[in-house]
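Residue strings, one per chain:
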Amino acid sequence: MSPRPGFVLEVDRSTPPTLMWHGEGFRLERLPVGTRIVYGPEPIAPLADPDAAIRHALDHPLGDSAPLSTLLRPGMQLTIAFDDISLPLPPMRAPDVRQRVIEAVLDLAAAGGVDDVVLIAALALHRRMTDPELRHALGDRIFEAFAPHGLLLQHDAEDPSNLVHLGLTDHGEDVEINRRAAESDLLVYVNINIVAMDGGHKSVATGLASYRSIKHHHNVRTMQHSRSFMDVRNSELHTSNWRMGRLIAEAGVKLFQIETTLNTDQFPEQLGFLQKREWEWTIRDRASFLVSSTALDRSPGELTRKVFHAVRAPHNLTSVQAGAVEAVHESTLANVHRQQLVEVSGQTDVLTMGLPYICPYNVNSTMNPILVACLGLGYFFNLYRGKPLVREGGVVIMSHPTPWEFNPVHHPSYIDFFEQVLAETTDQFEIESKYEESFATDPWYVHLYRTSYAYHGVHPFYMWYWCAHALQHLGRVIVVGGDRAAVRRMGFSPASTLADALEIAEDVVGRDPSITHFHAPPVLLADVT
Amino acid sequence: MTRGVRGAVRLGGAGVRFVAERPAWPGGAAAPLPERSLGVDYDTAWARRYPVRLARAMFLDDVTRPILHLALSPRVIGLEHLDPVKGPMILAANHASHLDTGLLLSSLPARLRHRTMVAAAADYFFDRRWKAAVWSFGLAAIPMERSKVNRRSADLAASLLKEGWSLIIFPEGGRTADGWGQEFKGGAAYLAKRCDVPVIPVHLRGTRAVLAKSSSRLRPGATEIRLGDALRPHEGEDARKFAARIEHAVATLADEAESDWWSARHRAAAGTTPPFRGPEASPWRREWSLPDSARKDQRAVRDRRRRQPWSRDD
Amino acid sequence: MKALQFERNLPRFAAARVASAVAGSGKGVRVGPLELVEVDALPMPGPDWVRIRPRLAGICGSDLATLDGRSSRYFEQLVSFPFVPGHEIVGDVEGGRLDGRRVVIEPVLGCEARGINPPCASCAAGHKGSCERIAFGHLRPGLQTGYCRDTGGGWSAGLIAHESQLHEVPEDVSDEAAVMIEPAACAVHAACAADIAGGERVMVLGAGTLGLCVIAALRSLCLPGALVAVAKHPEQRRLARDLGADQVVAPEEQRRAARRLSGSLALESDNGEIERLTGGVDLVVDCVGSADSLQQCLAVVRPRGKIVLVGMPGVLKVDLAPLWQREIELRGAYAYGIEDRPEGPRVTFDLALELVRDARLERLVSARYPLERYEDAVAHAASAGRRGAVKIVFDLRKAGAGSGGPGTEQVGGPQAARTTKEAK
């Protein structure tokens, strides 16, 4: 049976309750009659022989590029950069896409007699990956061949000796990237696209860059002018990265880009009901739901967290393309849209969404309130093309427990940001001008970023800026079931139940508003006309 | 007089302390340096006395052997090469794991394994008294320097060989770190020449996957022990050249283990046996081209096999 | 006349200690040796002594410690039983130079009050708090009025004082403002002891009466670069901010706040929490005086920095390794005397009066109680922070007399028991 496309359901009296994510758990909510629910397309079939497809892509590159095997010769310096732990979500079942692709590349490199090879995790300002995480992403064979010899590196954006400044774009943006990557004879980038924001010139221009470079497009103004950053044509974030990417190419960095797309088969069989439309749940699905939700309710927080973060998704390769960045990325985007695009006509007054336990920045970690805001108002809000799903001045209602909890190892600067900066102000521009610099240059955060597993000191700011477009656009943000103090600290309104939230929303948008529910994950991209 | 005796025997307060504790050495008396009798100087003669040999035989046969069989499921190939050899021999094997010694020893036929000693690295196995005792007992180990031939251990080995003891030795000098073989040192060759005993080359396959160097993880798996034809030094051949010949013999056995006897013989004849020490390339490429059986972690191997039901190697 | 008297009664003392340990601070009063009794007028020890009729008498942290049986045994030889507590006193004078006037009392009993002539070196220099003849002279031992059998104390209808202890209160200063002068003087003295050159980063631990007065004093008399207050309760946080703190943080946030303030690196414990800083703030003022607070001070002050200990401590178990390794200066600050100011030496009480005026410290008086309701008063004082209060005083004025200054809360009114709903 071929996978069905996404569609918009209008709730009527026969519609069963809707499944809504609520952090490390889920609820069934009855949405008011007339609510539209946007369902994503069903997962499309993955490639039958991914390894063959990968080898084919390497031999038949797109755009102005020679096949990879001809680019590899003895005595050259090869660097292979790959996307870090923020992708894919949830983490894939073994073997990971990166493992498949890099093994294929290394087979060619071995055949070509290339001795000087270095692998770099393109972290940008994210946290370093732990050894088990690297093993999972790359597989044991690659890990054993490179890690013991110190050839498996993680990009260090604060190491001046390993950064090279390639120049300024015509908009005066600094382009400073990893030295080893820039000065190699060939740089191969292995990317995974789970949303339309990833990939393209952004892979190298952000993934291997330093704060000095990144701040040119990770700032409030840029984010407000990215409508949305899931749409390359309308995104100031991408325009800037494209400029930087072109400068990198002009500076002589030889890049062979390999991009992959995945289907949206994001949950294993036992949680299969999360993928299905509620009225199609079999008796088994209903039983699974009951069992899981009661078990999760009863278990202590630590246990549920472990359970969820151990989920390995069965999503698989739907396409792989390699060669010149821009040609490759066009093909990639077509494949992303093929899987994720849903047509929605018209905007709505109120947009509701249930937020899951995971976002790109808390893999194997706690989801703190700032990340909740980023996931809802940053990612989910911006998963549109054309116009936002909710009208200007409308209301977004997010469902998440929003615990006042932070992981001190992964997110130390987030704690200070939440306790000290947000206590003073939630205004984006004020935060940027008054506090960003001191957090970005604080020696303690730099130390933790470089030696521990901490996100960079400036990262919480970027999470806050990610919400800039939404905060500018919306009339109010309401969080259902969240910690009241945490929700208020961020400037949002707390509500105990969805019904209460809708009541509060009516103060802003008037009585009888139109409501749309964003039924994700699995991830989808709304094409709003 | 009785009083005097009693007086002499009675201990005062200070006297009790003196008897209870070890006395301090007074400054005026010359003190000798403490004797060290560990490492190469450890005396293993006690382990070759009859009662100890009997106990070891029982321990080896009834405890060590069954346990190793369980963990390593060994398969022994080439035992027939031992038949023509009357008298003692030197068994030269490749070294990848701490389990090699026990495995090889317990795979030998009874007449050999009860009268075989093992050359063990003096700095590792004989650095503590209790360790020295354990290995001398369990494996009939004698201490040997890793890289150069120590006079004392060489003399000991030679005398034992003359008495009829066989010797297991790992000419690499230590376990392999990356899975490929290391250059064979001259110790085995030298002893063979000096005592006029043959050298049996041995290849151990699959022990690295069970317990690798610098790893504490033990994963039971299948192993193979291949024995080759006995080698004797040519007329006037020096120890170094002989050592190289022994290394090549082991390499041929390794080739046999990875492919089959016939193609291995072809390659040996043509001189294209894959080098024992692996390709001359960067560390990652050496790791990349390791045969599956020499890999530290078999998960990667199983993953790949699962993904490709038709192996590209076939 | 009525007075609350503290007897020497060891079993009741022990009972008070147990009760306060088990049920919390302030709960020892009912079983302890404090009693409301009728006392005769005290005899005058010498010339220059006058009678005082208290109007308002404050309850101080050291009083609470005494009532809980928690104060150090160090003080045993510096008090004489039975005594009437209360050393924060504003009252009317009977007799002497200032007859009929309203005064505040400087409770320390120095050489002059004790009739010792010539005075010791400290008293001669004006540092009466450091009197070297304490416990001698024609008074029984008592380091202050309020701990001495011969002088009486503020928690009564009448006491006696030496002329040298009196400071006249100007007309425009209310009773509530006047009763804050003594605590403000402690704060002023502490702020001067801190010896801030200008631009230092300062952290103040504790936001009770003493902490808040210290914040006001630091802001008014010194030039700190950044002033961070650590306060647990919402009312305290609001007042700390009003009185001049640049930033107010909760106790669990204080190490992180100190780290950010000083831009220092830190040593973390296994679970990722900061154990102590490798750098730190320049000055920490400890207005709590517990083992915990002192350990916190040592964790956040920079090497060669200074800790001023203002809160009265007892016997504490503190790891002093950081004090030694980082060459930290730990300085006690007690009472008042004469301060060295840029404009010249000034009497602490004079500076305190100015501070009370400028910072409007009368708003810190949260509730007034009659002597008869002393148990409730002490309980309220002990849980002041939690109950949104700061300073609790005994009101000894006749009904109708005495003005209620701005910001005073009436006992039993909605304000007195207000607990703010605001979370962190």
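Residues numbered from 1 in each chain as written. Chains lettered and ligands numbered in written order. Predicted model: local features only at pLDDT ≥ 70, side-chain atom pairs only at ≥ 80, totals over all residues.

**Q** Quick one: what's the story with the arrangement of the chains, residue by residue and with numbers?
**A** Looking at the two pairs of chains with contacts, the pair that accumulates the most is chains A and B. Left apart from each other, chain B and chain C have a closest C-alpha approach of 25 Å. (Contact = placed C-beta atoms within 7 Å.)

**Q** Could you give me a rundown of unusual backbone geometry, with the residues and numbers involved?
**A** Excluding glycine, a negative phi dihedral is what most residues carry, and trans is how most peptide bonds are arranged. For the peptide bond that leads from L87 of chain A to P88 of chain A, omega is -15 degrees, which places it in the cis range. For P88 of chain A, the location among the structural elements is in the loop between β5 (77-83) and α3 (97-112). Cis rather than trans, the peptide bond between A94 of chain A and P95 of chain A has omega equal to -10 degrees. Note that P95 of chain A resides in the loop between β5 and α3. Phi at A135 of chain C is positive, roughly 80 degrees, even though this residue is not glycine. By secondary structure assignment, the location of A135 of chain C is in the loop between α4 (121-125) and β6 (159-162). Its 17 C-beta neighbours within 10 Å are what place A135 of chain C among the partly exposed residues. The phi angle at E327 of chain C is positive, at roughly 55 degrees, despite the residue not being glycine. Of note, E327 of chain C is situated in the loop between α11 (321-325) and β15 (329-332). (Helix = DSSP H or I, 4+ residues; strand = E, 2+ residues; numbered from the N terminus. Buried ≥ 20, exposed ≤ 12 C-beta atoms within 10 Å, placed from the backbone.)

**Q** So what's going on with the interface of chain A and chain B? Residues and values would help.
**A** At the junction of the two partners, chain A supplies 16 residues and chain B supplies 14 residues. The biggest single contributor to the side of chain A that touches chain B is helix α5 (residues 140-146) of chain A, with five residues.

**Q** Now, about the interface of chain A and chain C: what can you tell me, with residues and values included?
**A** Counting from both sides, the interface comprises twelve residues of chain A and, opposite them, 13 residues of chain C. Breaking the side of chain A that touches chain C down by element, the ones donating at least two residues are α15 (412-424), α17 (443-451) and α20 (484-489) of chain A. For the side of chain A that touches chain C, the residue count by class is six nonpolar, two polar and four charged. (Nonpolar A, V, L, I, M, F, W, Y, C, P; charged D, E, K, R; others polar.)

**Q** Tell me about the domain arrangement of chain A, residues and numbers included.
**A** Residues and elements named next belong to chain A. Per the domain assignment, the segments making up chain A are domain 1 (7-43 + 340-528) and domain 2 (50-262). On the domain 2 side, the residues contacting the 30 residues of domain 1 number 29 residues. When residues of the side of domain 1 that touches domain 2 are assigned to their parent elements, the largest contribution, four residues, is made by helix α16 (residues 428-441). (Domains from an automatic or database assignment.)

**Q** How would you sum up the packing of α15 of chain A against helix α9 (residues 254-262) of chain C? Please name residues and give values.
**A** Running from N to C, α15 of chain A and α9 of chain C point in directions that differ by 95 degrees, and their axes come no closer than 11 Å. For the element pair α15 of chain A / α9 of chain C, the angle class is roughly perpendicular. Together, I415, D416, E419 and Q420 of chain A of α15 of chain A and R256, A257 and R260 of chain C of α9 of chain C make up the contact between the two elements. Tallied by class, the residues present in the contact of α15 of chain A with α9 of chain C amount to two nonpolar, one polar and four charged. (Axes fitted to C-alpha atoms, helices over the stretch in contact; angles between N-to-C directions. Parallel < 35°, antiparallel > 145°, perpendicular 65-115°, else oblique.)

**Q** Give a detailed account of the sheet that holds strand β7 (residues 152-154) of chain A, specifying residues and quantitative values.
**A** For sheets, the rule is that strands pair by backbone hydrogen bonds, running either parallel or antiparallel. All names here are of chain A. Taken together, six strands build an open sheet; the order of strands is β7-β6-β5-β10-β11-β12 and the sheet is mixed. Lying at the two open borders of the sheet, with one neighbouring strand each, are β7 and β12 (317-323). Looking at each pair of strands side by side, their axes are set apart by 20 degrees on average, direction ignored. Where β5 and strand β10 (residues 186-193) come together, five bridges link them in parallel fashion. By the bridge assignment for β10, F82 is matched with V190. (Pairing = 2+ DSSP bridges.)

**Q** Could you give an account of the sheet that holds strand β13 (residues 341-344) of chain A, naming the residues involved and the relevant values?
**A** Residue and element names in this part refer to chain A. If you trace the three strands from one edge of the open sheet to the other, you get β13-β20-β15, paired in parallel fashion. Looking along the sheet, the strands with just one partner apiece sit at the ends: β13 and β15 (384-385). For β15 and strand β20 (residues 525-528), the ladder comprises two bridges, and the chain directions are parallel. When the sheet's bridge partners are listed, Y384 is paired in β20 with A526.

**Q** Which residues make up the environment of S269 of chain C, and what values go with them?
**A** Residues and elements named next belong to chain C. Locating S269 in the fold gives a position in the loop between β11 (266-268) and β12 (274-277). Residue classification places S269 among the exposed positions, given that 10 C-beta atoms sit within 10 Å. Along the chain, S269 and A231 lie 38 residues apart, while their C-alpha atoms are 24 Å from each other.

**Q** Residue-level account of the confidence of the model for chain A, with values.
**A** The predicted coordinates should not be examined in detail at positions where pLDDT is low. The predicted model of chain A has a mean per-residue pLDDT of 93, with 100% of residues at 70 or higher. When pLDDT is averaged over each helix and strand of chain A, the minimum, 86, is found for helix α12 (residues 301-309) of chain A and the maximum, 97, for β5 of chain A. (pLDDT = per-residue confidence, 0-100.)

**Q** Could you give an account of the nonpolar core, naming the residues involved and the relevant values?
**A** Residues and elements named next belong to chain C. Ranked by size, the top nonpolar core spans 301 residues in total, and within it V214 and V285 carry the most contacts. With ten residues, the single largest contributor to this core is helix α6 (residues 181-194). Residues in contact with V214, not counting those within four places in the same chain, are A187, A190, A191, V204, V285, C287 and V310. (Core = buried A, V, L, I, M, F, W, Y, C linked by C-beta atoms within 7 Å.)

**Q** Lay out the confidence of the model for chain C with the relevant residues and their values.
**A** All names here are of chain C. Per-residue pLDDT for chain C averages 87, and the proportion of residues at 70 or more is 94%. Every residue in residues 400-424 scores below 50 in pLDDT, and together they form 40 contacts with partners more than four places removed in sequence or on other chains. Note on the complex model: pTM 0.84, ipTM 0.78.

**Q** I'd love a proper account of helix α1 (residues 10-23) of chain C, names of residues and values included.
**A** Residues and elements named next belong to chain C. Between its first and last C-alpha, α1 extends 20 Å over 14 residues, near the 20 Å set by a 1.5 Å rise per residue. Buried residues of α1: A16, A19 and S20, and no others. Down the axis of α1, the smallest arc covering the buried residues is 95 degrees, so these residues share one side. Of the exposed residues in α1, those oriented more than 90 degrees away from the buried face are L10, P11 and V22. Residues of α1 that are buried make contact with α2 (61-67). The first or second residue beyond α1 is G24, which carries a positive phi of 110 degrees. (Expected span 1.5 Å × (residues − 1). Arc of directions from axis to C-beta.)

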